[in-house]
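Structural description and commentary
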Amino acid sequence: MTSINYRKLLPNESRIYRAIRLESLEKFPEAFGATYQEALSIEKFRMESDIEEQTPERFVYGAFAQDELVSICTFVKNESSTGSIYQMYVKREFQGKNIGKGLIEAVIAEACQNFNGIEIILEVAPGNSKAYNLYRKIGFQEVTRTSSEEIRMKYIP
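Residues numbered from 1 in each chain as written. Predicted model: local features only at pLDDT ≥ 70, side-chain atom pairs only at ≥ 80, totals over all residues. Heavy atoms only, no water.

Helix length check: helix α4 (residues 99–114), at 16 residues, gives a terminal C-alpha distance of 23 Å against a target of 22 Å (1.5 Å per residue), a fit within 8%. Within α4, the full set of buried residues consists of I99, G100, G102, L103, I104, A106, V107, I108, E110 and A111. (Helix = DSSP H or I, 4+ residues; strand = E, 2+ residues; numbered from the N terminus. Expected span 1.5 Å × (residues − 1). Buried < 20%, exposed > 50% of the residue type's maximum accessible area, 1.4 Å probe, protein only.)

Structure, rendered in structure tokens:
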């Protein structure tokens, strides 16, 4: 198997982020709150600016196979001592190889290093059992089902 490198996206990589984000919305629309058509009309995503500015409160990690970005995961620190994981995506041909697990663990490590004692949460769509089971394996536990559209989970180290 190709070796995978996990790291924060660099300022000059905001365009490759945009390409994989659009791909995620097009190929797995049921897994995300935004739609591909809506995203196409946005000139520049907020996360593109965040990647360019490199703030510790908002970052995108990527998994790279050689020089190809094959997976993304976004972290955003909230107002309180919580942070959220968003936009988790692994390209179809790289799924089932523990890349998503490694990527989320790298994001958690970065967030915990930057913000001591931070509580990390995420939401997953009901029916997205692959993602749900992955999150459980990493250490997330279901907190609430806020609606029929999302399951809220919290990281319990």
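Still more to cover.
Turning to the pairing of strand β3 (residues 68–77), a few remarks are in order. Of all the 10 residues making up β3, 8 are buried; the element is thus mostly covered by neighbouring parts of the structure. Summarising the sheet, strand β2 (residues 58–65) and β3 pair through 8 bridges and their orientation is antiparallel. Across the sheet, the residue bridging to A65 is E68, located in β3. The turn joining β2 and β3, which pair antiparallel and follow one another in sequence, is formed by 2 residues; a positive phi near 55 degrees is taken by Q66. For β3 and strand β4 (residues 82–90), the ladder comprises 6 bridges, and the chain directions are antiparallel. Along β4, the bridge assignment pairs T74 with Y86. A loop of 4 residues connects β3 with β4, the two strands running antiparallel in sequence. (Pairing = 2+ DSSP bridges.)

Let's shift gears to the pairing of strand β7 (residues 150–155). Burial along β7 is one-sided: I151, M153 and Y155 are buried, and none of E150, R152 and K154, which face the opposite way, are. Pairing of strand β5 (residues 119–124) with β7, which is carried by 4 bridges, proceeds in the antiparallel orientation. Along β7, the bridge assignment pairs L122 with M153.

Right, let's talk about the environment of I156 for a bit. With respect to the element layout, I156 can be found in the segment after β7. Taking the C-alpha atoms as reference points, I156 and T144, separated by 12 residues in sequence, lie 14 Å from one another. Here I156 is in contact with G139 and Q141, once residues within four sequence places are set aside. (Contact = heavy atoms within 4.5 Å.)

Now for the environment of Y61. Positionally, Y61 belongs in strand β2. Setting aside chain neighbours within four positions, we find Y61 in contact with Y6, R7, K8, L9, S71, I72, C73, L103, A106, V107 and E110. Within the local environment of Y61, its side chain forms a polar contact with the side chain of E110, the two groups lying 2.9 Å apart. (Polar contact = N/O pair within 3.5 Å; in protein donor to acceptor, adjacent residues only side chain to side chain.)

Let's shift gears to the packing of aromatic side chains. Applying the stated rule across the entire model yields 7 aromatic pairs. Taking 5.2 Å as the distance between ring centres and 25 degrees as the angle between the ring planes, the aromatic pair formed by F59 and F75 counts as stacked. Here F59 is found in strand β2, whereas its partner F75 is found in strand β3, with 16 residues between them in sequence. The pair formed by F59 and F75 is uniform in burial state, with each residue classed as buried. Residues F140 and Y155 carry aromatic rings whose centres are separated by 5.4 Å and whose planes lie at 55 degrees to one another, so their mutual orientation is tilted. (Phe/Tyr/Trp six-rings, centres within 6.5 Å; stacked < 30°, edge-to-face > 60°.)

Before going further, it helps to examine unusual backbone geometry. One non-glycine residue, Q87, lies in positive phi territory at about 55 degrees. In this fold, Q87 is placed in strand β4. Taking the relative accessible area as the measure of exposure, Q87 reaches 18% and is therefore buried. Even without a glycine there, the phi angle at N98 is positive, about 65 degrees. If you trace the backbone, N98 turns up in the loop between β4 and α4.

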